[in-house]
Amino acid sequence: MKKQFARFTTLVVSCIFLFSCAGNEEVLTRKILLSQDWKVQSSAKTNQNGEQLSTSAATTEGWYTATVPSTVMGVLTANGLYKDLLSGTNYKNADRTPFDVSWWYRTTFKLSDIEKGKHIELQFDGLTYRANIWLNGKQIASKDDIYGPFRRFSFDISQYAVNEENILAVEVFRAQKGEPNIGFVDWNPRPLDENMGIFREVRLVITGDVSMANTWVYTKVDTTSLNEARINIETQLSNLSDKDIDGQLKGKIENIDFSLPVTLKAGEKKKIKITPEDVTSLNVKNPRLWWCNHLGNPELYDLNLKFIADNKVSAQENITFGIRQIDTYITPDGHKGFVLNGKKVLIKSAGWTDDIFLRDTPESNEIQVQYVKDMNLNSIRFENIWGSSQNIYDLCDRYGLLALVGWSCQWEWENYYGAPDDEFGCVRTEHDINLLARFFNDQIVWLRNHPAIIGWMVGSDKLPRPELEKKYLDILPQIDNRPYIGAAKTMVSKLSGPTGMKMNGPYEYVGPNYWYIDTLYGGAFGFNTETGPGSQIPVYESIRKTIPEGDLWPLNEAWDFHCTTSTTALNSMAVTTAAVTGKFGKANDLKSYLDRAHLLNYESTKSMFEAFRINKTKGTGIVQWMLNSAWPSMYWQLYDYFMIPVPAYYGVKRGNLPNQLIYNYKDNGIYAVNESAENSNNLKAIVRGYSVDSKVLYEKEITFSIKSNDAQKIHTIVTPSGSSFLHMALFDSRNKQIAENFYTLSSTPDTYHWEKTDWVGTPLKGYSNFKALTSMPESDLKINVSRQGKDTNSSIIVEIENPTSFIAFFTQFLLKDATGEIIYPVYWEDNYISILPGEKKILKCSFDENALKSKIATLKLTGWNLDEQSVQIN
C-alpha cells in the first residue's frame, strides 16, 4: 500500500462555527464533519439488523476501525489485510465474494444542550452504490431511494437526534452490472468491492429556523482592460419554521460589506441573487485576478455570508472563490480553445485517477498537484469527477491549475458497464437518464465555486443520448455559466453542435517525430483530450515493489499484468520491447532494457508537448494519458503509484519551460517559445551538434526577441549522418542561462504504417537507428553535495563537473534514505540530464523537510555511460 494512503488521526474532524457571539450576534449554526471513530463490518459477520446496530445495545467487537471518506477495501487495507494484493499477479486470483453481501458503517456523535431546539441536517456527499441509513433505532432512508455515487443526500434528523450519544449506522451495497458507478475503465483492474462505501464526506449542519445552502459566487471580468470585474452571489434560504421570518442577509468579502433585508414566509424556500446593481461595491475596481500556472498568480477571495434574525446568526456559509472569466473560441479548422481573462491558453494537461480503493488523502493530493505544477503543466483532466472531497479542486484553485471535469467512458461500453451499448453508450432507460441528470445537477452545484474548473465534459468516447443531453442543456444554464462539452471526441450533436475536441490516440508508443508529421490523427493540432506514447516505466526501485524478484528479468506475464486491462491492446510490454530492440538492439539485462525504454518514454513524451507548443496556431490543448496510476503500473503515468517521477516527468518539465528552445522533427527547425506573461527581448540561443563520441559537429549563436504567448522559428539545422546529439541553451538579456534542451537524433527517421492506424495508434514500420549509442565511450562525473536552508525552504545543491572528453548521457539523480528507499516528495530543477565534456553545472533539489517520508542519507546517480555513484549526505 502507498505510504501516503495511511489515514491520519490528526485529520480535522469538524469545521465548527461556535455557538458564541460575533459582535452582538449570537451564532446558532455549526457544521460537524463525521470523519473519525467509525467501525466497519460485513453483514455476513453480524446477526444484528439496522435497528439494533443504531442503538447502544449493539456490539461492535471485532469490527474494523475506519475513517470516512473510505471504501470497504480502503478500510480493510488500512487494517492490515491484503498486504501483497497489488504485487505480481496476486490480484488476478483475489476473492471478490466477501463483497457480494452488504457492509455496515457505524459511528456515534454527541450534541450539546445548547443545540436543543435547533434544526439538524445530516448530509452525505457521496455513497456507493446503495445504502440503508439508520439513526437511533429508526430507519431514515432506504436503499430503494439512496443510490448512485454522484448524488448528494441530506436528511432532516431534528426529530431523531438526541442530546446524549447518537448512533448512526449505514448499510452499503456494491454496484451491480448496468448501474452507473465510479469507473476506472481499462486503466487498471476493477476494485474488488466496486468501491462500495461512504466515499465522500458526511457532516451535520446545525442551524436556527433559517438554513442556507448552495451559495454560489460567479464573476465577469472586463477582459479588455482587466481593471474591473463584477461579482454576483446566489444562495438558497429556507424557512424551517411555521412562522414568517424577517432578517438580514449579510456578506463580507475583504473590505466589501453589505446587508440586504429578506422576508421568508413560513416553510418558504427562496433563491436570493445579489448583483452589482444591488450592491455597488460588488463592481470591483482593479481586482486581483485568478490566473493559471505561468500566466500570473491564482488569486483567491473569501466570502462570509450569513442570515441574521432577532440578532442571531441562523445560518452562514464561507466560500472561497476566484475572480476570473472563462471563454472558448473555435479555430478556422473547427477546434475548440479556451480563453482565460481574455488570453488564449494552450491547455497542457494530464489525466487524473484516484487510488484503486479511493484512499487518496489531502496530503497525497497535494504532493500530486505540486508535481503537476512542477512539470510546468497548467491543467488536470478529471475523467470521472474524482475526489473523496473537494480537496483536490481546492488545490487546483490554490496552485493555478485548470480543471476539465466530467464523466468517464465507463458508462459507454458494455464490457465496463454491464449492459448493451450503442452509438450513445449504455444509458438508455428513462430511469437511468433521470439518474444521470440528477448526477449532473448535484456535481455542478457541489463544485461550481472552484475557479480552476473551466468546463463540464458530459461524454467521453460518445455523445450522451439526445434525451439525456437535452436534460443536461436544460439544467446547466440554471446553475452554472461554464462551457459545455458534449464529448472528448470529434463529434457533432444535433443539440449542442460540434464538440471541438479530438480523441484519436495514440495510446501506444510512437516516435518523437510522430507529433510533428501526423496531420490526421493524434498529431499537434486541435484539442487532443487523451493521448500518449504508451508505457511509461517506473524506476528500478519501484519496479522491485511491483514485480517479484524472480520475475524481474526477462520480462514476462507479471510485467504484462501491470499494463492496462484492455482486452484488445496495451496489455503487454511487446510494443515497447519491439521499439527498444528496433532502435538499440536487443537488451541483454534489465538495466540496459530500462535505460533504453526510459529514453524512449522521455523523448516521445517531451516531444508531444513541444509539438503542440510550436504549433499553437493549430493546437489548442494536449492531455497526456495519464498523469498517475490507480495501482502499480507500467503504462500511462508521469509519476508512479509510489509517487516517484518516471523519466517522462522530467521530459515534460523541460519541454514545457515557459521560455524554451524546441527542435522540430519535421522541418529540422529550431523554435523559440514564450508562454510567460511578458515579452522576452534580446535573448540568445546557442545551438550545438555532437557526435556519439562527443565531437562538435556544428555550432550557431542566434539573438532574437519574442512576444508573450508566441512561438517562432529562429534557425534550421542539417541532421548529421547516423546518430548525433543536439544541445541548445537559452540566455536572457543579462546573459543568464534560463533554459536548456537536449535531443538524440538519427538520420534514419521513424516511419509508420499510416494505413493501419486504429484507436490504439499508428504502428511503426521502421525505427530510427540509435545502435551506436550502446557503445558510447564511458564518461565520469565529479560530484559535491551540500545542504541549504531548512524546514519548508530546504534544498540539496549538487555541484557537477564532467572532467572527461565525453558527454555523460541521460544521467539520473535520486535521493535515498538509509534503507535505500527513494525520498519523496522532492523537486529536482532538472533530471535525466546530459553533461557536456568539461562542463560544470549546479543542480538544485528543493523540498519541504517536514513533508519528507524519511531522512535523506545518500545521493545516487547513474547514467547511460556512467558507473553508478553513491554520495553520503550529512
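Quick caveat: nothing in here was measured; it's all calculated off a predicted structure. Numbers given to residues run from 1 along each chain, matching the order in which its sequence is written. In keeping with the predicted nature of the model, local features appear solely for residues at pLDDT of at least 70, side-chain atom pairs appear and are counted solely at 80 or more, and the whole-chain, interface and lining totals rest on all residues. Note that water and hydrogens are dropped before the side-chain values are worked out from all heavy atoms of the structure.

Q: In this structure, what is going on with the overall build of the chain? I would like to understand it.
A: When helices and strands are counted, the chain shows 13 helices and 51 strands. Projected onto its principal axes, the C-alpha coordinates of the chain cover approximately 90 × 65 × 60 Å. Residue exposure (1.4 Å probe, protein chains only): buried if accessible area is under 20% of the type maximum, exposed if over 50%, otherwise partly exposed. When the 874 residues of the chain are sorted by exposure, 63% land in the buried category. Only heavy atoms enter the contact rule, under which two residues are in contact if any of them lie within 4.5 Å. If you take every contact in the chain between residues at least 6 apart in sequence, the share linking residues at least 24 apart comes to 71%. Side chains of the chain carry 92 positive and 102 negative charges; the gap between the two charge centres is 3 Å. Strands are runs of DSSP state E lasting at least two residues, helices are runs of H or I lasting at least four, and both sets are numbered from the N terminus onward. We count Lys and Arg on the positive side and Asp and Glu on the negative side, and we leave His and both chain ends out. Throughout, a charge is located at the NZ atom of Lys, the CZ atom of Arg, the CG atom of Asp or the CD atom of Glu.

Q: Sorry, what's going on with the sheet that holds strand β36 (residues 669-674) here?
A: Hydrogen bonds along the backbone pair up the strands of a sheet, which may run parallel or antiparallel. For two strands to be treated as a pair, DSSP must find at least two bridges joining them. Taken in spatial order, the three strands make up an open sheet running β35-β36-β39, and their pairing is antiparallel. Two strands lie at the open edges of the sheet, namely β35 (659-663) and β39 (710-716), each paired on one side alone. The mean angle between the axes of side-by-side strands here comes to 25°, regardless of whether they run parallel or antiparallel. Sheet topology places β36 next to β39; six bridges connect them, and they run antiparallel. Note on β39: the bridge partner recorded for N674 is D710. Its contacts with the sheet put helix α12 (residues 590-614) on β35, β36 and β39, and the angle it makes with β35 is roughly 105°. Only the stretch in contact is used when fitting a helix axis, every axis being a line fitted to C-alpha atoms; angles between N-to-C directions are given from 0 to 180 degrees.

Q: Got a minute to help me understand the packing of aromatic side chains in this structure?
A: The description of an aromatic ring pair uses the distance of the two centres, along with the angle that the planes make with each other. The pairing test for Phe, Tyr and Trp rings, Trp by its six-membered ring, is centres within 6.5 Å, and the orientation test on the planes gives stacked under 30 degrees, edge-to-face over 60, and tilted for anything in between. Taken as a whole and judged by the stated rule, the model has 49 aromatic pairs. Ring geometry for W187 versus W386: centroids 6.3 Å apart, planes at 50°, classification tilted. With a gap of 199 residues between them, W187 in the loop between β12 (165-173) and β13 (197-198) and W386 in the loop between β27 (379-383) and α4 (391-399) connect regions that are remote in the sequence. The class for W187 is buried, based on a relative accessible area of 8%. Judged by relative accessible area, which is 1%, W386 ranks as buried. Distance and angle both matter: a charge sits over a ring if NZ of Lys or CZ of Arg is within 6 Å of the ring centre and within 35 degrees of the ring normal. Across the ring face of Y329, the terminal group of K344 is positioned such that the distance to the ring centre comes to 4.3 Å. A cation sits over an aromatic face here: K502 above F525, 3.3 Å from the ring centre.

Q: Can you walk me through the environment of P825 in this structure?
A: Position of P825 among the secondary structure elements: in the loop between β46 (808-816) and β47 (827-828). On the basis of relative accessibility, which here comes to 3%, the residue P825 falls in the buried class. Considered as a pair, P825 and R152 are 673 residues apart in the sequence and their alpha carbons are 34 Å apart. Those residues within four positions of P825 in sequence are excluded, and the remaining contacts are I367, Y371, F847, A851 and L852.

Q: Explanation requested: unusual backbone geometry in the structure shown.
A: In terms of backbone geometry, most residues other than glycine have negative phi values and most peptide bonds are trans. Across the junction of G505 and P506, the peptide omega takes the value 0°, indicating a cis bond. Here P506 shows up in the loop between β32 (497-498) and α8 (514-517). Backbone torsion omega between W625 and M626 reads 5°, so that peptide bond is classified as cis. Position of M626 among the secondary structure elements: in the loop between β34 (619-624) and α13 (647-655).

Q: How should the sheet that holds β27 be read in this particular structure?
A: Strand order in the open sheet made by the four strands is β27-β28-β29-β30, with parallel pairing throughout. Each having just a single partner strand, β27 and β30 (484-485) make up the two edges of the open sheet. Across four bridges, the pairing between strand β28 (residues 402-406) and strand β29 (residues 453-457) is parallel. From the neighbouring strand, A403 faces β29, where its bridge partner is I453.

Q: Sorry, what's going on with the pattern of salt bridges here?
A: In the sections that follow, a salt bridge refers to a side-chain nitrogen of Lys or Arg positioned within 4 Å of a carboxyl oxygen of Asp or Glu. For the structure on display, the rule yields 50 salt bridges. A salt bridge links D257 to K252; its shortest N-O distance comes to 3.3 Å. Between K591 and D595 there is a salt bridge, and its shortest N-O distance comes to 2.7 Å. Linking K591 with D595, this pair stays in helix α12, spanning four residues, or about one helical turn. Judged by relative accessible area, K591 falls into the partly exposed class, the value being 43%.

Q: Would you mind showing me how to read the side chain of H727 here?
A: Considering the arrangement of structural elements, one finds H727 in strand β40 (residues 723-731). Counted as a polar contact is a pair of N or O atoms within 3.5 Å, where, for protein atoms, one must be capable of donating a hydrogen and the other of accepting one, and residues adjacent in sequence contribute only when both atoms are in side chains. At a separation of 2.7 Å, a polar atom in the side chain of H727 contacts the side chain of E740. Excluding its chain neighbours within four sequence positions, the residues that come into contact with H727 are I686, V687, R688, Y690, E740, N741, F742 and L836.

Q: I would appreciate a short explanation of the environment of I717 in the present structure.
A: Relative to the assigned elements, I717 resides in the loop between β39 and β40. Contact partners of I717, with chain neighbours within four places excluded, come to Y663, N668, I670, V687, Y698, L726 and L745.

Q: What is the right way to read the packing of α12 against α13 from this model?
A: Working note: a packed helix pair is described by the angle between its axes plus the distance between those axes. Where α12 meets α13, the axes come as close as 8 Å, and the angle between the chain directions of the two elements is 25°. If you check the angle between α12 and α13, you find them roughly parallel. In this structure, α12 crosses over α13, and the sense of that crossing is right-handed. For the pair formed by α12 and α13, the contact residues are H598, N601, Y602, T605, K606, F609, E610 and R613 on the first element and P647, A648, Y650, G651, V652, R654 and G655 on the second. Classification used: nonpolar for Ala, Val, Leu, Ile, Met, Phe, Trp, Tyr, Cys and Pro, charged for Asp, Glu, Lys and Arg, polar for all others including Gly. Taken together, the residues of the contact of α12 with α13 sort by class into six nonpolar, five polar and four charged. Reported orientations rely on four angle classes, namely roughly parallel under 35 degrees, roughly antiparallel over 145, roughly perpendicular from 65 to 115, and oblique for the rest. By definition, any crossing whose near helix is turned counterclockwise from its far helix by less than a right angle is left-handed, and any crossing with a clockwise turn is right-handed.

Q: Please explain helix α3 (residues 362-374) as it appears in this structure.
A: One turn of an α-helix holds 3.6 residues; hence residues three or four places apart share an orientation. Along its 13 residues, α3 runs 18 Å from first to last C-alpha, staying within 8% of the 18 Å computed at 1.5 Å per residue. Restricting attention to buried positions, one finds in α3 the residues S364, N365, I367, Q368, V369, Y371, V372 and D374. Looking at the buried side of α3, the elements it contacts are β27, α4, α13 and β47. Immediately beyond the C-terminal end of α3, within one or two residues, lies N376, with a positive phi of roughly 65°. Expected span of a helix, by definition, is 1.5 Å for each gap between consecutive residues, and there is one gap fewer than residues.

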